[in-house]
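Next come the chains, spelled out residue by residue.
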Amino acid sequence: MTAELSAVDQDRWRDPTLSARERAQALVDELTLEEKVAQLGSVWLTDSADDFAPRLSDDSADAVVDPFEHGLGQLTRVYGTAPITLQEGVETLRRLQRRVIENQRLGIPALVHEECLTGLAAFGATAYPAPLAWASTFDDDLVREMARAIGEDMRAIGVHQGLAPVLDVVRDYRWGRVEETLGEDPYLVGQLGAAYVAGLESAGIIATLKHFAGYAGSRGARNHGPVSMGPREFADTVLPPFETALRQGGARSVMTSYTDVDGIPSTANRALLDGTLRTEWGFDGTVVADYWAIPFLVSMHRVAVDAAEAGALALRAGVDVELPSTVAYAALPRLVREGVVDESDIDRAVVRHLRHKIEAGLLDQASVVPEGAEEVELDSDRNRALSARIAEESVVLLEDDGILPITAHSRVAVIGPAAAEYRSLLGCYAFPNHVLTKYPGHEPGISIPTIEAALRSEQGIGEIRFVRGCEIVDDSDDSDDIATAVQAARESDVAVVVVGDVAGLFGAGTSGEGCDAADLRLPGRQHELVLAVLATGVPTVLVVVSGRPYALGEYRGARAIVQAFFPGAEGARAIAGILSGRVAPSGRLPVQIPRSATATTTYLEPPLGRHNAGITVADPTPLYPFGYGLTRGRIEYETIEAPAEFRTDGAAEIAVTVRNSGASAVEVVQLYASFPAGSVVRPEAQLIGFARIRVPAGARKTVRFTLEAARLAATGIDGRLSVDPGTVMLAAGPSVANRACATAVRITGARHLVLARAGRTAWDIDHGEDEE
């Protein structure tokens with residue numbers, strides 16, 4: 001390799017008329033080995049990395065004297081590591097980029113990545129609802145709009161890559177990171193994940209799909225636990241959301257998972273990364289390692305003897321960039337010279353990463369940090385309005401016997417620790433929970449009203465008295481506090497009991513990364529608090545603000561039950577609006593609500609996964625099923641129309657007509673498929689389409705779904721994805737447990753092998769005439 005550049009070569013990699021890949025290849029041809037490896041590394045300038053990621057214990061890496069010496073691939077979380085002002089962050093980023101450019105012979109800047117799962121994770125940025133709340137909206141257009149707004153803010157302050165969305169499909173509600181997911185159905189996860197990706201990418205931000213793959217299926221729902229899963233379940237449940245987000249959303253990066261599946265760590269799984277991802281799906285973006293995942297091949301998985309060997313394994317498997325700091329990849333130059341690593345593997349990874357830098361304009365801009373970055377409003381009115389819309393659409397009304405709305409003349413006892421804790425509204429990756437817990441007493445940086453405060457300011461809510469009752473995390477004896485809460489309830493007309501979670505990292509909360517639960521009973525003594533208030537006989541509204549579904553089967557005495565999954569900085573106002581009647585409920589469950597604290601299985605079960613009386617006394621039937629949620633309307637599913645048959649390689653139009661005989665309402669029309677017989681076991685029912693529509697009072701609406709046969713594909717006995725001839729039952733309804741109208745359709749023709757799963761099950765609405 002030459003260290004001198006000819007004018008022709010320089011013009012080639014700087015030539016904007018060439019494709020990004022051609023320019024990247026031309027640039028790689030001019031880099032030294034050390035310079036190329038530097039493009040695959042990163043730097044996280046923090047003294048407290050263990051506070052934000054699993055602890056790195058391996059110290060067997062090649063020493064990194066100066067991580068900037070030959071250039072740098074990525075800068076890690078310049079804005080998202082400490083509570084610095086935007087101006088301080090911009091100044092730091094400019095200084096670091098200057099250092100990167102000055103230390104790189106050709107002046108190649110670094111990509112900058114940040115977390116953006118609930119909005120940009122930076123001090124003073126809007127804290128949006130958690131992904132489980134997005135999923136409760138069943139509104140992919142709104143999710144796309146939110147993601148674009150997040151991406152525009154990131155791009156405006158010099159960030160290029162966002163570590164989101166999480167496309168893990170929930171398999172066990174005890175897992176701490178349920179709040180980060182889009183629910184338990186792969187189709188819903190894929191559609192909303194693709195919408196988020198499309199929004200982020202449309203703003204010029206590289207979306208990063210995580211965690212690839214199988215992370216949520218760990219044994220015992222333990223963070224980082226090994227995954228024991230058959231190849232068919234893996235192919236048909238775990239992988240589809242990733243494929244959808246790549247093909248349909250256009251994601252340009254994928255992050256590996258910490259876990260191993262059947263004994264193969266994801267970060268060293270060549271069949272998964274190079275085979276499935278790149279060869280089968282045609283992905284040509286970057287694969288980045290989750291934080292410290294490469295050295296974990298030594299310390300946690302024990303498939304490598306030292307960091308150098310771990311780096312070689314990851315590179316050969318297809319991991320392009322090591323995050324959050326260069327540890328294992330520091331040894332790559334030595335390994336090339338020793339003949340252990342082929343330099344061509346490094347070249348392929350560098351081309352992919354440099355292409356992203358070129359696409360971001362980093363080789364063409366006079367200033368790599370946008371002018372005016374210090375003036376960006378990260379908590380703008382636009383952001384707050386979007387956050388409020390998502391929060392309002394996400395709140396799920398589970399029960400209401402007519403007690404809502406609360407009347408203006410009522411004496412209301414607001415009881416429960418989550419009512420006065422703003423952190424109970426935010427996910428684990430929201431900056432106040434993710435970072436500020438390391439800075440006790442620090443202000444949150446944005447306005448986050450508590451539920452108590454929102455109820456006090458909500459018009460239509462009567463006189464309020466607040467009693468905490470108990471703590472969320474602390475298991476100490478709160479008998480006196482519970483007694484005070486009981487007395488307050490007895491002295492009131494209505495009791496609003498607000499319970500749930502507080503998110504945190506690695507045990508610093510009851511939900512979040514590393515905060516896995518032993519069972520699904522409410523944390524601390526909140527279960528006792530709810531039962532004590534219900535025992536008074538005072539009309540009670542139960543509000544659960546949580547990161548996972550909890551077992552509510554013992555609380556059937558509640559007159560109304562409201563579920564909110566970490567609804568964000570505007571979430572308290574959304575909940576208050578539901579209770580006052582200002583906001584019409586429209587959220588739907590993306591996960592079931594269990595009846596029992598030990599019932600952890602999701603809805604996507606085959607017939608043997610259902611309750612089989614006489615075979616076992618354990619009943620997994622949920623209290624509230626997937627897709628469920630009450631509205632103000634009275635929606636009746638009148639008909640489902642479909643052709644009598646269509647081919648294994650064809651498509652069909654499915655028409656579902658609903659009528660509303662109540663007040664104007666939002667309905668989420670859900671289309672499910674089930675298979676009476678087949679060569680392999682299929683779920684009892686699985687979602688294949690949904691449409692969120694508004695149905696005025698007295699109106700009839702018809703939703704027409706275009707269903708590709710490939711959407712019905714499954715992995716066969718031979719391990720190949722196919723659509724088989726036979727009968728499929730198509731049914732529509734307001735939840736998986738209430739598939740109100742159904743029809744049998746014959747799939748004809750020969751078995752059809754599917755190379756790519758079908759995209760969006762497109763739908764349109766026939767408004768027709770609104771019948772009064």
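S.K.: An account of the pattern of salt bridges is requested, with residue identities and associated values reported.
M.R.: One pass over the structure, following the stated rule, counts 53 salt bridges. Taking the shortest distance from any N to any O, the salt bridge between Arg647 and Asp649 comes out at 3.5 Å. On the basis of relative accessibility, which here comes to 48%, the residue Asp649 falls in the partly exposed class. Linked through salt bridges whose partners overlap, the residues forming this network are Arg21, Glu201, Arg252, Asp284, Arg355 and Glu359.

S.K.: I'd like to hear about the side chain of His434, residue by residue, with values.
M.R.: Topologically, His434 is positioned in helix H16 (residues 431-434). What makes His434 buried here is its relative accessible area of 0%. Of the polar contacts made by the side chain of His434, one reaches the backbone oxygen of Cys428; its length is 3.1 Å.

S.K.: Describe in detail the packing of helix H6 (residues 140-156) against helix H15 (residues 381-394), supporting the description with residues and values.
M.R.: Packing of H6 against H15 brings their axes to within 10 Å, and their N-to-C directions diverge by 150°. One element, H6, and the other, H15, form an angle in the roughly antiparallel class. You can see that H6 and H15 cross each other, and the crossing is left-handed. Where H6 abuts H15, its residues Leu142, Glu145, Met146, Ala149, Glu152 and Asp153 lie against Arg382, Asn383, Leu386, Arg389, Ile390 and Glu393. Here the contact of H6 with H15 is composed, by residue class, of five nonpolar, one polar and six charged.

S.K.: Tell me about the packing of aromatic side chains, and please be specific about residues and values.
M.R.: Aromatic ring pairs: the centre-centre distance and the angle between the two ring planes describe each pair. Within this structure, the stated rule accounts for 13 aromatic pairs. Each ring, one from Phe138 and one from Phe690, has its centre 5.5 Å from the other, and the planes form 85°; the classification is edge-to-face. Of this pair, Phe138 sits in the loop between helix H5 (131-137) and H6 while Phe690 sits in strand S20 (residues 686-695); the two residues are 552 residues apart in sequence, bridging distant segments of the chain. Phe690 shares its class with Phe138; the two are buried. Geometrically, the ring pair formed by Tyr603 and Phe626 is stacked, given 4.5 Å between the ring centres and 15° between the ring planes. Here Tyr603 is found in the loop between helix H20 (571-580) and strand S16 (635-641), whereas its partner Phe626 is found in the loop between H20 and S16, with 23 residues between them in sequence. Side by side, Tyr603 and Phe626 carry an identical accessibility label, which is buried. An aromatic cluster is defined as three or more aromatic residues linked by ring pairs; in this entry it consists of Phe138, Tyr187, Tyr603, Phe626 and Phe690. Here Lys210 stacks its cationic end above the ring of Tyr429, 5.3 Å away from the centre of that ring. In this arrangement the basic side chain of Arg682 is found over the ring face of Phe675, its NZ or CZ atom lying 3.8 Å from the centre.

S.K.: Pulling in residues and values, what's your account of the side chain of Gln39?
M.R.: Secondary-structure assignment places Gln39 in the loop between helix H3 (33-38) and strand S1 (42-43). We classify Gln39 as buried; its relative accessible area is 0%. A distance of 2.6 Å separates polar atoms of two side chains, one belonging to Gln39 and the other to Lys357. Those residues in contact with Gln39 that lie beyond four places of it in its chain are Leu31, Leu72, Gly73, Gln104, Ile108, Val350, His353, Leu354 and Lys357.

S.K.: Break down the packing of helix H2 (residues 20-28) against helix H14 (residues 343-359) for me, citing the residues and quoting the values.
M.R.: Interhelical geometry of H2 versus H14 gives an angle of 125° and a closest axis separation of 8 Å. In terms of axis orientation, H2 runs oblique to H14. Between H2 and H14 the crossing geometry is right-handed. Contacts between H2 and H14 involve Ala20, Arg21, Arg23, Ala24, Gln25, Leu27 and Val28 on the former and, on the latter, Asp347, Val350, Val351, Leu354, Arg355, Ile358 and Glu359. When its residues are assigned to classes, the contact of H2 with H14 shows eight nonpolar, one polar and five charged.

Rules used throughout
Residues numbered from 1 in each chain as written. Predicted model: local features only at pLDDT ≥ 70, side-chain atom pairs only at ≥ 80, totals over all residues. Heavy atoms only, no water. Salt bridge = Lys/Arg side-chain N within 4 Å of Asp/Glu carboxyl O. Buried < 20%, exposed > 50% of the residue type's maximum accessible area, 1.4 Å probe, protein only. Helix = DSSP H or I, 4+ residues; strand = E, 2+ residues; numbered from the N terminus. Polar contact = N/O pair within 3.5 Å; in protein donor to acceptor, adjacent residues only side chain to side chain. Axes fitted to C-alpha atoms, helices over the stretch in contact; angles between N-to-C directions. Parallel < 35°, antiparallel > 145°, perpendicular 65-115°, else oblique. Left-handed = near helix turned anticlockwise from the far one by under 90°. Contact = heavy atoms within 4.5 Å. Nonpolar A, V, L, I, M, F, W, Y, C, P; charged D, E, K, R; others polar. Phe/Tyr/Trp six-rings, centres within 6.5 Å; stacked < 30°, edge-to-face > 60°. Lys NZ or Arg CZ within 6 Å of the ring centre and 35° of its normal.

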